[in-house]
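Listed here are the chains, written in short residue letters.
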Amino acid sequence: MFIDEWFDKDYYKQLPLGYRIQANFVFGQFFFTHAYYAHENLELWRPVIDPDEPTKTIASNFRIVAAGRDAFKRTIPLHVPKLETNEEFIVVRAKRRPVLLMQPEAALMAVDNRGYRGKVQRRRCLVAQVFGLADVRTQQPEFSPSFVERVRKMEFPQLLFLPQKAGLLEVDSVLRLDELQSVFTPHLEPTQFALGDAVSSVLMEQWRFFIAGTGPSEYTEIRELILKS
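Quantities reported herein were computed from a predicted structural model and do not represent experimental measurements.

## A closer look at the pattern of salt bridges
Evaluation of the coordinates by the stated rule reveals 13 salt bridges. Across the pair Glu88 and Arg46 runs a salt bridge whose closest N-O atoms are separated by 2.7 Å. Within this pair, whereas Glu88 is found in the loop between β4 (61-66) and β5 (94-103), its partner Arg46 is found in strand β3 (residues 43-48), the two being separated by 42 residues in sequence. No difference in accessibility class separates Glu88 from Arg46, as the two residues are buried.

## Some points on the nonpolar core
Burial of nonpolar side chains together is a common tendency in soluble globular proteins. In this structure, Tyr11, Phe30, Leu162, Leu175, Leu195 and Leu203 are the most contacted members of the largest nonpolar core, which totals 34 residues. Setting aside residues up to four positions removed in sequence, Phe30 forms contacts with Tyr12, Val99, Leu100, Val130, Leu162, Leu168, Pro190, Thr191, Phe193, Ala194 and Leu195. In terms of nonpolar packing, the next biggest core, distinct from the first, is built from eight residues, Leu101, Cys125, Val183 and Leu188 among them.

## A closer look at a nonpolar patch on the surface
A contiguous nonpolar patch, built from Tyr36, Phe72, Ile90 and Val92 and spanning about 330 Å² of accessible area, is present on the exposed surface. Taking relative accessible area as the criterion, Ile90 reaches 38% and is therefore assigned partly exposed.

## Some thoughts on the packing of aromatic side chains
Under the defined criterion, the tally for this structure stands at ten aromatic pairs. When the centroid spacing of 4.1 Å and the interplanar angle of 10 degrees are considered together, the rings of Trp45 and Phe62 count as stacked. Pair noted here: Trp45 is in strand β3 and Phe62 is in strand β4, with a separation of 17 residues, a long-range link. Residue class for Trp45 comes out partly exposed when judged on its relative accessible area of 37%. Taken together, Phe7, Tyr11, Tyr12 and Phe30 form an aromatic cluster joined through their ring pairs. Looking at Arg152, its charged tip hangs above the ring of Phe2, at a distance of 3.9 Å from the centre. A cation over an aromatic ring shows up here: Lys153 above the ring of Phe2, its NZ or CZ 5.2 Å from the ring centre.

## Some remarks on the environment of Ala71
Topologically, Ala71 is positioned in the loop between β4 and β5. Linking Ala71 and His187, residues 116 residues apart in sequence, is a C-alpha distance of 29 Å. Setting aside chain neighbours within four positions, we find Ala71 in contact with Leu44, Arg46 and Glu88.

## Section: the sheet that holds strand β7 (residues 159-162)
Overall, antiparallel pairing links the seven strands, which are arranged β1-β9-β2-β5-β6-β8-β7 in an open sheet. Two strands in the sheet have a free side with no partner beyond their single neighbour: β1 (12-14) and β7. The average angle at which neighbouring strand axes cross in this sheet is 50 degrees, direction not considered. Where strand β2 (residues 29-36) lies against strand β9 (residues 189-195), three bridges are found, and the strand directions are antiparallel. Residue pairing in the sheet places Phe31 in a bridge with Pro190 of β9. The strands touched by helix α2 (residues 145-152) within the sheet are β7 and β8 (173-184), with β7 carrying the most contacts at an inclination of about 100 degrees. Lying on the sheet, helix α3 (residues 197-212) is in contact with β1, β5, β6 (124-132), β7, β8 and β9; it crosses β8 at an angle near 75 degrees.

Cut-offs and rules
Residues numbered from 1 in each chain as written. Predicted model: local features only at pLDDT ≥ 70, side-chain atom pairs only at ≥ 80, totals over all residues. Heavy atoms only, no water. Salt bridge = Lys/Arg side-chain N within 4 Å of Asp/Glu carboxyl O. Helix = DSSP H or I, 4+ residues; strand = E, 2+ residues; numbered from the N terminus. Buried < 20%, exposed > 50% of the residue type's maximum accessible area, 1.4 Å probe, protein only. Core = buried A, V, L, I, M, F, W, Y, C linked by side-chain atoms within 4.5 Å. Contact = heavy atoms within 4.5 Å. Patch = residues over 30% accessible without salt bridge, like charges linked within 9 Å, V, L, I, M, F, W, Y side chains within 5 Å. Areas by Shrake-Rupley, 256 points an atom, 1.4 Å probe, with all protein chains shown as cover. Phe/Tyr/Trp six-rings, centres within 6.5 Å; stacked < 30°, edge-to-face > 60°. Lys NZ or Arg CZ within 6 Å of the ring centre and 35° of its normal. Pairing = 2+ DSSP bridges. Axes fitted to C-alpha atoms, helices over the stretch in contact; angles between N-to-C directions.

Take a look at the structure:
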């Protein structure tokens, strides 16, 4: 028995009209957005200052350098493009991929911050990235069958198996709770799909179990039954 067999046809649901409206965004809804790869080796996109530019605060050319001891300790700020002395442009890769909404944008109502620099309302939400288990073009598996089977058996609290779904996921995929990202809400491209109600409830409990070890719950009970099957 696997988790996708346990929930079968109720794994996903189609949302009603209005799913594109931000006020209707819900936990468990799928979106597309550009997601960045967490980098292991910090690289900086450093400005190359034109010696003929008198202020030394305007740059149009840049080069990639490995982060050194002077990282985030610039002596002169840039005005164009804007960059403070304690800031850097870092080099990261990003890819458009499906994500699942974990925490919708939480508005801070009736907060008056006039006269101060801090930005109170940041328009952010929290999403979990979805990664394909096979190459979309060739359908060639990218992970061993034994690993995929263990994911389907709910062995890993940070992973949730997502079966292929026409119009949403072109191949079987995995949701990673250890790959959550903060996203600017307007960058989300909503889909009309979400996890089914029962799966969504289990994922919420799985998330709590992963970050705090809470239980017993429906998640831990189903996981124990599937692992023993």
